[in-house]
Amino acid sequence: MNAREHAGNLDNPSVRPKDLVGYDMIRTLVAFPTVSRDSNLALIDWVQRYLEGFGAATTLTFDDDRRKANLFATLPAVDGNTTHGGIVLSGHTDVVPVDGQPWNTDPFEATLVGDRLHGRGVADMKSFSAIGLAFVPEFVRRGLARPLHFALSYDEEIGCIGVRRLIADVVAKGVTPTGCIIGEPTGMQLVVANKGRKTWRCRVRGHEAHSSLTPQGVNAVQVACQLVAWIAERGRMLRDGHRQDAGYDVPFTTTHVGVINGGTALNIVPRDCVFEFEIRHLPIDDPDAMFSELRAYAESLVPAMQAVDPATYIQFDTLSEMPGFDNEGRTPVIDLAHACSGSDLEHKVSYGTEAALFHGASMPAVICGPGHIEQAHQPDEWVRLEQLARCEAFMRRLVDHLCAG
Ligand SMILES: [Zn+2]
């Protein structure tokens, strides 16, 4: 944290739970054990009833098994407007598992430890959603000049799966918010861009032979290694190239092979090798263009393989795709977020969030939430009360900006 940031920071080491409007709401949301693999319906049902109690119109969009749902809820403006303009407060409801992690407190009972609140999801990312919900009575009391929307999604932690259905539904309904604030943990700093990420699996099928007869085989491991070397070399070119954005901690697009499996014994020319790789890219870079080049290289290797055995091949499967996003200058939601945070600093991050999906659906997004990514997914996940107080100060200014009176 630099000096300028520190000057604008609301550090208050003596924040107490009773100073926080959203403290009980955070404890309520954490108590729902919404691990991604499990249902989130109990939480969604509870929040839906709560919001409807304040006059919100709500819509659920379900997964294929109807075990999980997204909640989209709209508090209407005082003039009855529910569709035009306004802001979306967005958070995912799922959390990562606690299996095998050494927790000192019950992960699903938010527990105060000194000046920190411990519990699964207190940083990633139930506190932001809870604080937004806790301010609903205040938004309603003051009267909204534009609608306020809540977007609570499922399956973010396993690839931002749920929110895609929510966004498609919002677009289909003709709801056109001015922008979206995503409360992923940023230490309440404004994040205005994140990298995209696309991942693939590559399967190389060779031809088995005794290792004394290597010319009669097609070595799948060695072919895979040629492709891996190509990917690594491309990573070096990107590192040394001119497409750089100093706003990121790693200012260029990166490539990475994370898993490889092949071969069964040293005296057998291996028949199969499988590896998985990613391109984590600046929003301006096109991962598909790079992938096309890789595939062309792979195709150049195939004739020599098939000269030995026509059944050999190299295949690629796309595993996942998250676009990047970049506001590229000021948008109204960024101006609003600056006004609410009291800081004029902006940041960019190399990990993906739901922000890109909202952004791509004409809802310019900014990421700003309490807690730090370093504590996310950890045993004894925690957030400082000071961070929660900063989030509440943000929310209080948001009330001032969005309300008519
Ligand atoms: Zn998260």
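A short tour of the structure in this document, coming up. Please read these numbers as outputs of a predicted model, since none were measured by experiment.

## Comments concerning the overall build of the chain
Move 1: When helices and strands are tallied, the chain shows eleven helices and 18 strands.
Move 2: In terms of its C-alpha atoms, the chain occupies a principal-axis envelope of roughly 80 × 45 × 45 Å.
Move 3: Here the chain holds 405 residues, and 52% of them are scored as buried.
Move 4: Relative to all contacts within the chain whose residues are 6 or more apart in sequence, the contacts with residues 24 or more apart total 81%.
Move 5: Total accessible area on the chain stands at roughly 17,400 Å², and carbon and sulfur atoms take up 52% of it.
Move 6: Placing the 37 positive and 51 negative side-chain charges of the chain at their respective mean positions leaves the two points 1 Å apart.

## Structural notes on the coordination of the zinc ion
Move 1: Within the protein, the zinc ion binds to His92 (NE2), Asp124 (OD), Glu184 (OE) and Glu184 (OE); these donor distances fall in the range 1.8 to 2.6 Å.
Move 2: Relative to the metal, the four donor atoms surrounding the zinc ion lie at angles of 54 to 143°, and the coordination shape comes out irregular.
Move 3: Considered as a linear motif, the donors of the zinc ion on their single chain read H-x31-D-x59-E. Of this pair, His92 sits in strand S3 (residues 87-92) while Glu184 sits in the loop between strand S7 (179-182) and strand S8 (191-194); the two residues are 92 residues apart in sequence, bridging distant segments of the chain. The exposure classification of His92 matches that of Glu184, with both residues buried.

## Side note on the sheet that holds strand S13 (residues 272-281)
Sheet strands line up and pair through hydrogen bonds in the backbone, either parallel or antiparallel.
Move 1: Taken in spatial order, the four strands make up an open sheet running S11-S13-S9-S14, and their pairing is antiparallel. Either end of the sheet is taken by a strand with one partner, and the two such strands are strand S11 (254-262) and strand S14 (313-322). In this sheet, neighbouring strand axes are inclined to one another by 15° on average, regardless of whether the strands run parallel or antiparallel.
Move 2: Summarising the sheet, strand S9 (residues 196-205) and S14 pair through nine bridges and their orientation is antiparallel. The partner of Lys198 across the bridge, within S14, is Glu321.

## Quick word on the environment of Leu41
Move 1: The residue Leu41 is located in helix H3 (residues 41-52) in this model.
Move 2: Measuring from C-alpha to C-alpha, the distance between Leu41 and Ser127 comes to 18 Å, with 86 residues separating the pair along the chain.
Move 3: If we skip the residues at most four places from it in the chain, Leu41 touches Phe62, Arg66, Arg67, Lys68 and Ala69.

About the criteria used
- Residues numbered from 1 in each chain as written.
- Predicted model: local features only at pLDDT ≥ 70, side-chain atom pairs only at ≥ 80, totals over all residues.
- Heavy atoms only, no water.
- Helix = DSSP H or I, 4+ residues; strand = E, 2+ residues; numbered from the N terminus.
- Buried < 20%, exposed > 50% of the residue type's maximum accessible area, 1.4 Å probe, protein only.
- Contact = heavy atoms within 4.5 Å.
- Areas by Shrake-Rupley, 256 points an atom, 1.4 Å probe, with all protein chains shown as cover.
- Lys, Arg positive; Asp, Glu negative; His and termini not counted.
- Charge placed at Lys NZ, Arg CZ, Asp CG, Glu CD.
- Donors = N, O, S within 2.8 Å, 3.2 Å for Na, K, Ca; no water.
- Tetrahedral: all angles 85-135°; square planar, octahedral: opposite > 155°, others 65-115°.
- Pairing = 2+ DSSP bridges.
- Axes fitted to C-alpha atoms, helices over the stretch in contact; angles between N-to-C directions.

Scope: geometric values only; no functional claims are made or implied.
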